[in-house]
Amino acid sequence: MFSKGTKRKFSDGDEEISDESLVGARVASSYSLQRQSLLDMSLIKLQLCHMLVEPNLCRSVLIANTVRQIQEEMTHDGSWHMVTEAFCGPGQSPSERLVATEVLCRSREQDAEPKLFSVISYEGCREEEVVADETLCSVSVSDTVSNVCLAGRIGQCWEKSELSGVERDEEALEDSRLGSGEDEEIDTEDGASTESPKTTGQVFGTFEIKNSSPAPDSALEELFSDVDTSYYDLDTMLTGMQSAPKMGPYDILDSLAPSHSSPSIVSTPKCRSDLNELDHIMEIIVGS
Amino acid sequence: NASSGATDVISTVEFNQTGDLLATGDKGGRVVIFQRETESKGESEELGESGEYNVYSTFQSHEPDFDYLKSLEIEEKINKIRWLPQQNAAHFLLSTNDKTIKLWKVSERDKRPEGYNLKDEEGRIKDISTVTSLRVPVLKPTDLMVEVRPRRIFANGHTYHVNSISVNSDGETYLSADDLRVNMWHLDITDRSFNIVDIKPANMEDLTEVITAAEFHPQHCHLFVYSSSKGTLRLCDMRESALCDKHSKIFEEPEDPGNRSFFSEIISSVSDVKFSHSGRYLLTRDYLTVKVWDLNMEKGPVETYQVHEYLRSKLCSLYENDCIFDKFECVWNSTDSVIMTGAYNSFFRMFDRETGRGVTLEAWRESSKPRAVLRTRRVYTGGRRRRGDVGVDSLDFTKKILHMAWHPAENIIAIAATNNLYIFQDRVNAENL
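Chains are numbered independently. Their residues run from 1 in the order of the written sequence. Written order decides the labels, with chains lettered from A and ligands numbered from 1. Given that the model is predicted, a residue must reach a pLDDT of at least 70 before its local features are reported, and side-chain atom pairs must reach 80 or more before they are shown or counted; all residues, however, enter totals for whole chains, interfaces and linings. The basis for the side-chain values is all heavy atoms of the structure; hydrogens and waters are excluded.

Named according to an unreviewed UniProt entry, chain B is Serine/threonine-protein phosphatase 2A 55 kDa regulatory subunit B originating from Cyprinus carpio. Regarding chain B, the relevant UniProt record gives this comment under Subunit (unreviewed entry): "PP2A consists of a common heterodimeric core enzyme, composed of a 36 kDa catalytic subunit (subunit C) and a 65 kDa constant regulatory subunit (PR65 or subunit A), that associates with a variety of regulatory subunits." UniProt positions are given in the numbering used here, feature names are shortened, and annotations may be inferred rather than shown by experiment.

For chain A, the name recorded in an unreviewed UniProt entry is Cell division cycle associated 4, with Cyprinus carpio as its organism.

In structure tokens:
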């Protein structure tokens, strides 16, 4: 089905095809559509690495190799370029954007075949964005964000056998920073699912909740202005939150998608300002 | 004829060296041993008459475990069973789950000592004052009892999942292979093993190939082979170096550019490798074919048999439902003239190496009949459709025949079909195969 060079019958026989290249274009786009869906499918398969039983390493390696193959071909085709241009495209699924971005980030570093993985050693370009960005309260959580860290997760899947508890915490830490695509999305999947509450705390602990940061919704402030704050102080003490009315890590927890294991792609509300800023930074990095 | 047993999914099947015993392991960590009935009824053995296999012993080999360091469960599923060559009255077998290999001793007891001085018949300690004389306990015949005891536990040898074990012809050592390493153990020593292959890269993110199966040569105790997920076979000679990362020979078939697709690598992954009884050939199974390799020829297989080529156009769907990762086993018959492997829809395939022809058979039994006769089946792939042909889209992909074994000397095969074990015996001479 996916073998290259297989010609497909153009079934729309009623229309008169005057332009032969049109036929070719349709064939090509159908192929790239299928290739894209194969890529998405593969990424989802890798995502399901977080199970109680250790994942099958052979299967993971084979899927990862398939993803790499597709990515290589898309790079040669120039399709990667197209995908990144559509970075801010509304209709595009986040996974494509994020995967593409990673590749570009990496290929800039070395001329060797672009590696999709090793998010652990991922450059600080993302890190800087996340820490610098002050609109942390606008964090939204979705399952798609895991796709970004998917690549990292591949390494993690294999690493799982090797890691000690300490290392895993570190990784979760890294992931939380890397967990932003165009949004500040926390990588809660890795933090919340298999790891101890302590680690989750650590993950969320990386985000600095600044009192001075502007609330995303001033109406929220108004809403709570007349509430007896003593209760909040108690709450703060108990939950370790720094400031009460602001969105803290535990509020984010509440807004988590219920099942971290479901692979359905949830659309994320976008932060336009973040997008533009990120886009700008991306352009600098890619050197376009 | 056929018999069925086991209430759990069978995960491995293995005859012992004489074929009198047949062991199965299942997903629940249990091992069931069947024994072939001899002509115990006093009738003279007719030509082709062979005994049935009945349950001899059942025991719990592995229990579910938990790795506290990684917070992961360790399945109790028995991945492989291998018998040791028999040396005395007892039988020994190795069974392994993902992490731990165990050596079990299976022995019979048909006598028991009676007449202890200090214990009564039920084993309770007697009151000393009632003992008035001394006597020597005597052995009295009793009902046959089969005892199974664990004799060795080979733990902590593997970080990754054990996929193969193989007993060496030297009778003293065996190998165990996981995704990235092959270890050699001495049967008497459990606290250490020798690592003889290690393909783990320094950086795990560079990992692109894993070990899928390994086996010792049947005669040469210094040779073993291991297969990989990229479809290569590596023959290693342990005399060359302690760590056999460098192979003696590498068997690889060049890729067919005409058939190239995104699934090419996945379907080339070797799921099983077996030496022929002669030791001269290797049999491998990948997703769509079985191949016979000559140890003297590394550039490609000498024979290739299509198991279910009609699935080639369905690879994307099979990738989606994960069937493409199914690991089928393959076996030789006793004379290395016939090879057999499993497929879907409870079908399995046999290939006659002399004629090159293959036949599709079905592991199935009508519930009303106690015995089943092997039926030849056909998958319809075009041309004239015959009655009884099964369409490719009607195949049941949940009914996989992954595990099987062939009697070492006779035409008796054991096929595991999910929960059921089918034992087919050839009642006529082997000519019709």
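*Asks:* Kindly report on the nonpolar core, identifying the contributing residues and their values.
*Replies:* To define a nonpolar core, start from buried Ala, Val, Leu, Ile, Met, Phe, Trp, Tyr and Cys residues and group those joined through side-chain atoms within 4.5 Å. Summary of the burial criterion: residues with accessible area below 20% of their type's maximum are buried, those above 50% are exposed, and those between are partly exposed, where the area comes from a 1.4 Å probe applied to protein chains only. Counting 54 residues, the largest nonpolar core has Y287, L311, Y319 and I324 of chain B as its most contacted members. Each helix is a run of H or I in the DSSP string that is no shorter than four residues. Each strand is a run of E no shorter than two, and both are numbered from the N terminus. Those elements that place two or more of their residues in this core are α1 (20-47) and α2 (57-77) of chain A together with α1 (264-268), β20 (281-285), β21 (289-294), α2 (315-320), β23 (330-332) and β25 (347-352) of chain B. If one sorts the elements of this core by residue count, α2 of chain A sits on top with eight residues. If sequence neighbours within four positions are ignored, Y287 of chain B has contacts with I267, S269, H308, L311, L315, L318, C323, I324, D326, F328 and Y344 of chain B. Listed in part, the 15 residues of the second largest apolar core include M340, I413, I415 and Y422 of chain B. Working rule for contacts: check all heavy atoms of both residues, and any pair within 4.5 Å makes them a contact.

*Asks:* An account of the environment of M238 of chain B is requested, with residue identities and associated values reported.
*Replies:* Residue and element names in this part refer to chain B. Checked against the element boundaries, M238 lands in the loop between β17 (233-237) and β18 (249-251). Its relative accessible area of 19% is what places M238 among the buried residues. M238 sits ten residues away from S248 along the chain, and the two C-alpha atoms are 9.4 Å apart. The residues touching M238, leaving out its near neighbours within four places in the chain, are N168, M184, I196, F216, C221, H222, F224 and C244.

*Asks:* Lay out the sheet that holds β20 of chain B in plain terms, naming residues and giving numbers.
*Replies:* Residue and element names in this part refer to chain B. Only when DSSP finds a minimum of two bridges between them are two strands counted as paired. Read from one edge to the other, the open sheet built from four strands follows the order β19-β20-β21-β22, with strand pairing classed as antiparallel. Each edge of the open sheet carries a strand with a single partner, namely β19 (272-275) and β22 (303-306). Neighbouring strand axes in the sheet, compared pairwise and without regard to direction, differ in orientation by 15 degrees on average. With four bridges connecting them, β21 and β22 associate as antiparallel partners. When the bridges of β22 are listed, V290 appears paired with Y305. An axis is simply a line fitted to the C-alpha atoms; with a helix, the fit covers only the stretch in contact. Between two such axes, the angle follows the N-to-C directions and lies from 0 to 180 degrees.

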